[in-house]
Amino acid sequence: MKKIILVIFVISSFWSFSQSKKITLNQAIEMAHKNSPDYKINLNVNQSNYWRFRRYKASFLPQLNLNATLPNYSNAIIRQTNDSGQDIFVNQNQLLISGGLSLSQSVPYTGGIFSVNSNFERVELFGLNDNVQYSVIPFSVNYFQNSLFYNEFKWDKKIEPLIYEESQREFIESMERISINTSRRYFELLKAQMQLKIAEINLSNQDTLYQIAKGRFKMGKIAENELLQMELTLLNSKNNVTSNIIEVKRTSQNLARYLELDTENIELDIPEELPVFEVDINKALEEAQSNRKAVIEFRRKRLEAEKEVAFQKGNNRLRLGIRANIGVSNNGDDFNNLFNNYNKQQNVSVSVGVPIFDWGVSKSRRKMAEANLDLTKNNINQDRQEFEQEIYLHVLNWSNQRDFLYTNEKAKNVASKRYEISKKRYVLGKISITDLNIALRERDEALIKYLNSLSAFWRDYFILRQLTLYDFINDKKLEVEDIFYD
């Protein structure tokens, strides 16, 4: 019966292995850059910023609008004021049809809006004296500006391009962040798979040693305590295999779902070692200051704070606006004569607002904006220092990471060789079970340190790329493929 179960287990294991998907670290990162949830979020955010910039650019182009009322019928008693200044109630029974075209253009140099308008109205009266009245404005030229001391368009021309550029760099940084997340999931699964293999080998070795120990115990060469310790070690090895199977299942699900794979049976390769290359701190700082979104973000925050100060200064003291209109119009009951003998239509108005006594509200708003500007400048200086320090420390850490990986790999090999020697010596009866367990523990600890060092090595490599947006291996700036928007 045991042989049948063993055969079934071997067949099922072979079937699962044959159905597993083999991927490398680079392949996993390529999949994550196209399929991961983080990529989809990153793409949606970038598309939103793209259309925001398109809207900003379009706001400086001419806008043509059609407004129409088709129709507006009214039959009601309304109140009107007659020529004597008295309010009277009259019956209104009419049909109104109106329509108009307007062509508007923002004027970025002044902050106003220039427009050309035309309008047509037809009113048909019902009742005792049925008649039709027409009104037409063939054209009127208008200009409106809310404030002569604050030009919002001028600030938008400085800030909006920075927001868009910042979003583009954020997209590239997010792609490198996806590489970091993929690398973390990849090495979690790789470590779990290697630990499972070691646990299975340990279980096989412990079972063999336990059988040898039982024979030696029957011959009276070892005490019962040593036999029980061997049995306990065997039971712990079985539990360790079970725990590692669960960990492999968990980590494989995490990676498969992140990459949107159709299987959780994933076979991973140990990544090849990166070619040797040096990272100069000055070069890293130069590339980071040229490529990172943080540099654009510093400028954008300062301009936004300066914009608020300009707004408060331009609106909290003297508020001055202007509205002007020039054109022609006509009205009458004969449609054919509407476009003859136009009447002039001209008006200019200037609005002035001066806060005489507002209990210091205007001054408080201006001072708050100025204080916020100073705070923003101080925060930017501090963030800039932390920005440079982060890159400086990470470059130093990266310089030592390859050495850590090399020494941990050598320690792993030494510990594995020592364990094999200790196992042979235990079989020959030259060392105790305690010494063998110590060698086993040191071998497993060395393996874990090596795997952690390997994971940290690649994680720091991708963090270095994210911090500088620069590929030091190929000596070029990081770029992404063109994004197409529907």
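Not measured: the values here are computed from a predicted model. (Residues numbered from 1 in each chain as written. Predicted model: local features only at pLDDT ≥ 70, side-chain atom pairs only at ≥ 80, totals over all residues. Heavy atoms only, no water.)

(A) Summary view of the pairing of strand S2 (residues 63–81). Of the pairings in the sheet, the one linking S2 to strand S3 (residues 87–107) comprises 17 bridges and is antiparallel in character. Each bridged residue has a counterpart across the sheet, and for Asn67 the counterpart in S3 is Gly100. Connecting S2 to the next strand, S3, in antiparallel fashion are five residues, including Gly85 with a positive phi near 85°. (Pairing = 2+ DSSP bridges. Helix = DSSP H or I, 4+ residues; strand = E, 2+ residues; numbered from the N terminus.)

(B) Geometry of unusual backbone geometry. If you check the backbone angles, Glu260 has positive phi at about 55° while not being a glycine. Along the polypeptide, Glu260 turns up in the loop between helix H5 (224–259) and strand S6 (266–268). Overall, Glu260 belongs to the partly exposed group, its relative accessible area being 43%. Not every positive phi belongs to a glycine, and Leu469 is a case in point at roughly 50°. The topology assignment puts Leu469 in the loop between helix H9 (433–468) and strand S9 (470–471). (Buried < 20%, exposed > 50% of the residue type's maximum accessible area, 1.4 Å probe, protein only.)

(C) Quick look at the packing of aromatic side chains. For the coordinates displayed, the defined rule picks out 18 aromatic pairs. Between Tyr50 and Trp51, the aromatic rings sit 5.1 Å apart at their centres with planes inclined by 75°, giving edge-to-face as the arrangement. The buried category is assigned to Tyr50, whose relative accessible area is 18%. Ring geometry for Tyr470 versus Phe472: centroids 5.0 Å apart, planes at 70°, classification edge-to-face. By relative accessible area, Tyr470 is classed as buried at 5%. Overall, Phe472 belongs to the buried group, its relative accessible area being 14%. Here the aromatic cluster, defined as three or more aromatic residues joined through ring pairs, consists of Tyr50, Trp51, Phe53, Tyr56, Phe60, Phe153 and Tyr164. The side chain of Arg185 reaches across the aromatic face of Tyr258, ending 4.1 Å from its centre. (Phe/Tyr/Trp six-rings, centres within 6.5 Å; stacked < 30°, edge-to-face > 60°. Lys NZ or Arg CZ within 6 Å of the ring centre and 35° of its normal.)

(D) Layout of a nonpolar patch on the surface. Together, Val348, Val350, Val352, Val354, Ile356, Phe357, Trp359 and Val361 make up a nonpolar patch on the protein surface, roughly 990 Å² of accessible area in all. Ranked by residues supplied to the nonpolar patch, first place goes to strand S8 (residues 343–353) with three residues. Along the polypeptide, Val348 turns up in strand S8. Its relative accessible area of 65% is what places Val348 among the exposed residues. (Patch = residues over 30% accessible without salt bridge, like charges linked within 9 Å, V, L, I, M, F, W, Y side chains within 5 Å. Areas by Shrake-Rupley, 256 points an atom, 1.4 Å probe, with all protein chains shown as cover. Salt bridge = Lys/Arg side-chain N within 4 Å of Asp/Glu carboxyl O.)

(E) Fine view of the sheet that holds strand S7 (residues 319–332). Spatial strand order, S2-S3-S4-S5-S7-S8: six strands in an open sheet with antiparallel pairing. With one partner strand each, in any of the chains shown, S2 and S8 form the two edges of the open sheet. Mean inter-strand twist for the sheet, computed between neighbouring axes without regard to direction, equals 20°. Examined bridge by bridge, S3 and strand S4 (residues 112–125) share 14 bridges and lie antiparallel to one another. Bridge assignment links Ser102 to a residue of S4, and that residue is Asn117. (Axes fitted to C-alpha atoms, helices over the stretch in contact; angles between N-to-C directions.)

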